[in-house]
Structure formats: C-alpha cells, structure tokens
Amino acid sequence: MMNFRSDKAHPWHGVEIGDDAPNELTAFIEIVPSDTVKYEIDKASGYLKIDRPQQYSNVVPANYGFVPRTYCGDGIAELARSHSSLEVAKGDGDPLDILVLSEHHIPRGDIILKAIPIGGLCLIDSGEADDKIIAVLKGDKVFGQYNDISELPTGILERFQHYFLTYKALPGETNQCRIAHSYGRDYAHTVVQTAMADYQRLILDGTRNAADRR
C-alpha cells in the first residue's frame, strides 16, 4: 500500500514561526510575481484559494505571503495608531503579511521558506491596520546583503508602495488603502513581536470561548 500523509499541518496554525523570530522567520508564500491571479489561504481548511484575478497590469513585486502564528489584532492596531495620524479602527484580522525578495525565480506559491526581515510598510486599508513586512530570502546572494530597507535601491520600495496603493483600486472608486509610514528592521521586529502576542491572545480567547460553550 502506498504511504501518504493525511495530517498536513495548517500553514497558519501548524507551522512554527522559527526559534530565532523576529530575526529570522518562517514565511508561507501564497503568491509569486508570475501569478496572474491573487491566491490567499483559506482560513478554515488551510488550502490556497483564488481571491481574485490581478487587477489590470498589477503584478505582486515580490514573493508574498504571511508569517505563521501571527495575527493583526488589537496590538497591531494600537501600534499603528501610535505612529500615524490616520484613523485606525482595528487590525485586519489576518496573519501578518510578508514580502520576500530574492534573485531566484520561485515558480509557485504554497511553499514555506526562511526570511530575514529588513523593514516594512504600515498599510491602513479601510481603517484596518494591515502591515507588510519586507524581508530577504535567507542565504540569497544578491538581496541577502541588505540589512535594512534604507539600503535598498529606491525603486524597489517605490514599487512596493505603488502596488499596495493601487492593487485594489477600480476605476471610479475611491482607493481605501493608505501607507501611514515605512519602517526599518528594528521597528519590523517590534511589529512581528506584536503580531505574535496578538496571535497568543487570539488562541487564548478561542480556548476560553470553547470552554464556556461546554
């Protein structure tokens, strides 16, 4: 009889973030620059699903996914409020997003990799804090030389900013995405740690709610 696994770990809850977080993170990649549709994780099943076709000529500027066992909740929202004049109602309720730069062509998503955070963007989407961590692939010979986003060529950060300011925009509609600020490695570590703490509260609240229903 052929052996196979029937207990695949859920990418959000079942994959370890890594022992050296926030200095080095496990990232689950959902979408790569060659994809013409936007994939995202189905929270219930852990499988990738099609969210929507990419709008017009928008192409994701780096390997894009999320950091397992993180959550954008009250802590991430408060962090955004403390560093922005924009109105922030709450976190977006998803795991923390991450973009991973690499010289190598990665042909598809639905993979995990090791990433080194070097900065990020504080994105406010319809009043919800939706941070985007910017990282480099561990061991990458080209992008691995960068330790902070201040060292990146200007055009790379501009490309990230343009993507997130336009990726949901449709003709005749008001764009609801705003970038409150960009930040470097040290602040990115704070964002990751805050999202890890939000995740622990999410799991604790879920455990309490389950106990109350018994």
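Up top you'll find the structure we're talking about.
Residues numbered from 1 in each chain as written. Predicted model: local features only at pLDDT ≥ 70, side-chain atom pairs only at ≥ 80, totals over all residues. Heavy atoms only, no water.

Novice: Describe in detail the packing of aromatic side chains, supporting the description with residues and values.
Specialist: Evaluation of the coordinates by the stated rule reveals 9 aromatic pairs. Ring plane angle 40° and centroid distance 5.3 Å describe the contact between Phe-28 and Phe-66, whose orientation is recorded as tilted. Of the two residues, Phe-28 sits in strand β1 (residues 25-31) while Phe-66 sits in strand β4 (residues 63-66), which places them 38 residues apart along the sequence. We note that Phe-28, like Phe-66, is buried. Summarising the aromatic geometry, the rings of Phe-143 and Tyr-146 are spaced 6.2 Å apart at their centres and angled 50° between planes, so their arrangement reads as tilted. Each member of the pair, Phe-143 as well as Tyr-146, is classed as buried. Three or more aromatic residues link up through ring pairs in this structure, and these residues are Tyr-64, Tyr-163, Phe-164 and Tyr-167. (Phe/Tyr/Trp six-rings, centres within 6.5 Å; stacked < 30°, edge-to-face > 60°. Helix = DSSP H or I, 4+ residues; strand = E, 2+ residues; numbered from the N terminus. Buried < 20%, exposed > 50% of the residue type's maximum accessible area, 1.4 Å probe, protein only.)

Novice: How would you summarise the pattern of salt bridges if you had to cite specific residues and measurements?
Specialist: Side chains bearing opposite charge may pair, as long as their charged atoms lie close to each other. This model, assessed by the stated rule, comprises 12 salt bridges. For Arg-69, the salt bridge identified is with Glu-16, shortest N-O distance 3.4 Å. Of the two residues, Arg-69 is situated in the loop between β4 and α1 (74-82) and Glu-16 in the segment before β1; the sequence distance between them amounts to 53 residues. The class for Arg-69 is partly exposed, based on a relative accessible area of 26%. On the basis of relative accessible area, Glu-16 is assigned to the exposed category, the value being 53%. A salt bridge links Asp-198 to Arg-201; the shortest N-O distance between them is 2.3 Å. On the criterion of helical spacing, the pair formed by Asp-198 and Arg-201 is a turn pair, its members being 3 residues apart in helix α3 (residues 185-212). Judged by its relative accessible area of 2%, Asp-198 falls in the buried class. In this structure, a network of salt bridges that share partners links the residues Lys-38, Glu-40, Lys-49 and Asp-51. (Salt bridge = Lys/Arg side-chain N within 4 Å of Asp/Glu carboxyl O.)

Novice: Describe the layout of surface pockets, and please don't skip the residues or the numbers.
Specialist: Put simply, the largest pocket is a space of about 380 Å³. Lining the largest pocket are 23 residues, and of these Lys-38, Glu-40, Asp-92, Asp-94 and Asp-97 sit closest to its centre. Top contributing element to the lining of the largest pocket by residue count: strand β2 (residues 37-41), with 4 residues. Residues belonging to the lining of the largest pocket are distributed by class as follows: 7 nonpolar, no polar and 16 charged. Taken as a whole, the second largest pocket holds about 200 Å³ of empty space. (1 Å grid on protein atoms, 1.4 Å probe; cavity = no way out; pocket = protein on both sides within 12 Å on 5 of 7 lines; lining within 4 Å. Points joined across faces, edges and corners; volume = space filled by probe spheres on them. Nonpolar A, V, L, I, M, F, W, Y, C, P; charged D, E, K, R; others polar.)

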